[in-house]
Amino acid sequence: MAKMNIENVVASTSLGQELDLKAIENALEGADYNPQQFPGLVYRIKEPKTATLLFRSGKVVCTGAKSLGDVKIAISKVAKDLEKANIKISIEPKIEVQNIVASSDLEQEINLNTVAITLGLEKVEYEPEQFPGLVYRLDEPKVVVLLFGSGKMVCTGAKVPEDVVRAVDKIAAELRAASLMS
Amino acid sequence: RLRKWQRRIRVSNATERNLAFALSELDRMASAMGLPRNVRETAAMIYRKAVNKNLIRGRSIEGVVAASLYAACRQCGVPRTLDEVAGSSRVGRKEIGRTYRFMTRELKLKLMPTKPQDYVQRFCSELKLSGEVQSKAAEILKDASEKELTSGRGPTGVAAAAIYISSIICNERRTQREVADVAGVTEVTIRNRYKELTEKLGIDIVL
DNA sequence: GCTTTAAAAAGTAACCT
DNA sequence: AGGTTACTTTCAAAAGC
């Protein structure tokens, strides 16, 4: 019933050692470093298609992965590339998922104006002038869901896939309870 | 003790000075936007409430004034878009929007989402269209709403298309460009909304 | 608050033919 | 009139302004 698709996973970790970003930029293809603009070096790899941010402190942020498994694969590849380019990584990176973005579908058209007025106390924001989606903030799980007139949704802020499922189920239940959806 | 009094006087002066500045800025913007007195008074009331709740901390007076005006227009049923408000302010659209969200939250202002119908009178007046066109547009918008043709679409764009269609039906035709300029949307948007409304509401327009 | 990254949703906008 | 690209919204981490 709840077709949920993970679209993006953001995770962080640390290589446990300081990095010479200038040297890495020159050694790796696909590495961009503009300290004037941003303190992190951007390293893109094609498989899994991701963009990893490397910081002088050794802290790492991986974005773009389509699954939790891809995050591990991507970070392992980045570490391997760094070693090939002379930098030896001594520790096994402990990965922390920071955010999961997923899409889902209620498979029914929704009247956003009615939803905003009916459930519009503290958790709903709907400004069609600015953005077509209704912003729905949940406390438990602590995520934000964008609900569109088509019934399609985007859930962000989740730490684990289960948060997305719970959020979608919770919203569907609330809409049904208010007869805003069958 | 004398010090204490002097400080109170200083604070009092600063508070009064800021309030005076805010109200003059509010009046300047309201005049530039051609807003009626009731909207100005509502905005001033909202601004005073914001001051009383210390919502100005970390924000500019001009930003809070602009957001107060934006909120007042909506509360009075004669909304202006954030772009229109920003056009008369030194503060950008993005910040006015943020301040507006913050204020509605803190002051518990429960404003309804803006609807296309809220713009019909103003746009028709600027286009010098008759009450007949306004009524026709209102009729179209009512049907559009019932058939879920307004969810997620920009209210001004839907209103513009309904007015464009009505102007043709009532033989008071305005071009897409004329309506687009008044509504602050592009001709492409009017064309898209026009196509959807005529097709899904079964309106036949013979050009 | 900003800067940078990625990604989806649906609408609107900008630019080019 | 189309078509393509791009921006709007949401989220989190990183280091530093």
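Residues numbered from 1 in each chain as written. Chains lettered and ligands numbered in written order. Predicted model: local features only at pLDDT ≥ 70, side-chain atom pairs only at ≥ 80, totals over all residues. Heavy atoms only, no water.

**Brief notes about the overall build of chain B**
Now for step 1: Looking only at helices and strands, chain B features 10 helices and 0 strands.
Now for step 2: Reading chain B from its N terminus to its C terminus gives the helix and strand order α-α-α-α-α-α-α-α-α-α.
Now for step 3: The buried share of chain B, reckoned over its 207 residues, is 47%.
Now for step 4: Restricting to contacts in chain B with at least 6 residues of sequence separation, those with at least 24 account for 73%. (Helix = DSSP H or I, 4+ residues; strand = E, 2+ residues; numbered from the N terminus. Buried < 20%, exposed > 50% of the residue type's maximum accessible area, 1.4 Å probe, protein only. Contact = heavy atoms within 4.5 Å.)

**Some thoughts on the domain arrangement of chain A**
Now for step 1: According to the domain assignment, chain A contains domain 1 (11-97) and domain 2 (106-178).
Now for step 2: Each of domain 1 of chain A and domain 2 of chain A has a C-alpha centre, and the two are 34 Å apart. (Domains from an automatic or database assignment.)

**As for the packing of aromatic side chains**
One pair of aromatic rings is described through two measures. These are the centre distance and the angle between the planes.
Residue and element names in this part refer to chain B.
Now for step 1: Enumeration according to the criterion identifies 5 aromatic pairs over all chains in this entry.
Now for step 2: Seen from their ring centres, Tyr-70 and Tyr-100 are 4.8 Å apart, and the 85° between their planes marks the pair as edge-to-face. Of this pair, Tyr-70 sits in helix 3 (residues 61-75) while Tyr-100 sits in helix 5 (residues 93-106), and the two are 30 residues apart along the sequence. The pair formed by Tyr-70 and Tyr-100 is uniform in burial state, with each residue classed as buried.
Now for step 3: Aromatic side chains Tyr-164 and Tyr-194 sit 5.5 Å apart centroid to centroid with 65° between the ring planes, which places their arrangement in the edge-to-face category. Separated by 30 residues along the polypeptide, Tyr-164 in helix 8 (residues 155-169) and Tyr-194 in helix 10 (residues 187-201) bring together distant segments of the chain. Per residue, the accessibility class of Tyr-164 equals that of Tyr-194, and both read buried.
Now for step 4: Seen from the ring of Trp-5, Arg-8 lies directly overhead, with NZ or CZ sitting 5.4 Å from the centre.
Now for step 5: One Lys or Arg, Arg-59, reaches over the ring of Phe-102 and ends 3.7 Å from the middle of that ring. (Phe/Tyr/Trp six-rings, centres within 6.5 Å; stacked < 30°, edge-to-face > 60°. Lys NZ or Arg CZ within 6 Å of the ring centre and 35° of its normal.)

**A look at empty space enclosed by the protein**
Now for step 1: By the definition in use, this model includes 1 cavity of 30 Å³ or more.
Now for step 2: If you add up the space inside the largest cavity, you get close to 70 Å³.
Now for step 3: In terms of lining, the largest cavity is formed by Glu-127, Glu-129 and Gln-130 of chain A together with Tyr-70, Arg-74, Leu-82, Gly-97, Tyr-100 and Arg-101 of chain B.
Now for step 4: Per-element tally for the lining of the largest cavity: the top contributor is helix 5 of chain B, with 3 residues. (1 Å grid on protein atoms, 1.4 Å probe; cavity = no way out; pocket = protein on both sides within 12 Å on 5 of 7 lines; lining within 4 Å. Points joined across faces, edges and corners; volume = space filled by probe spheres on them.)

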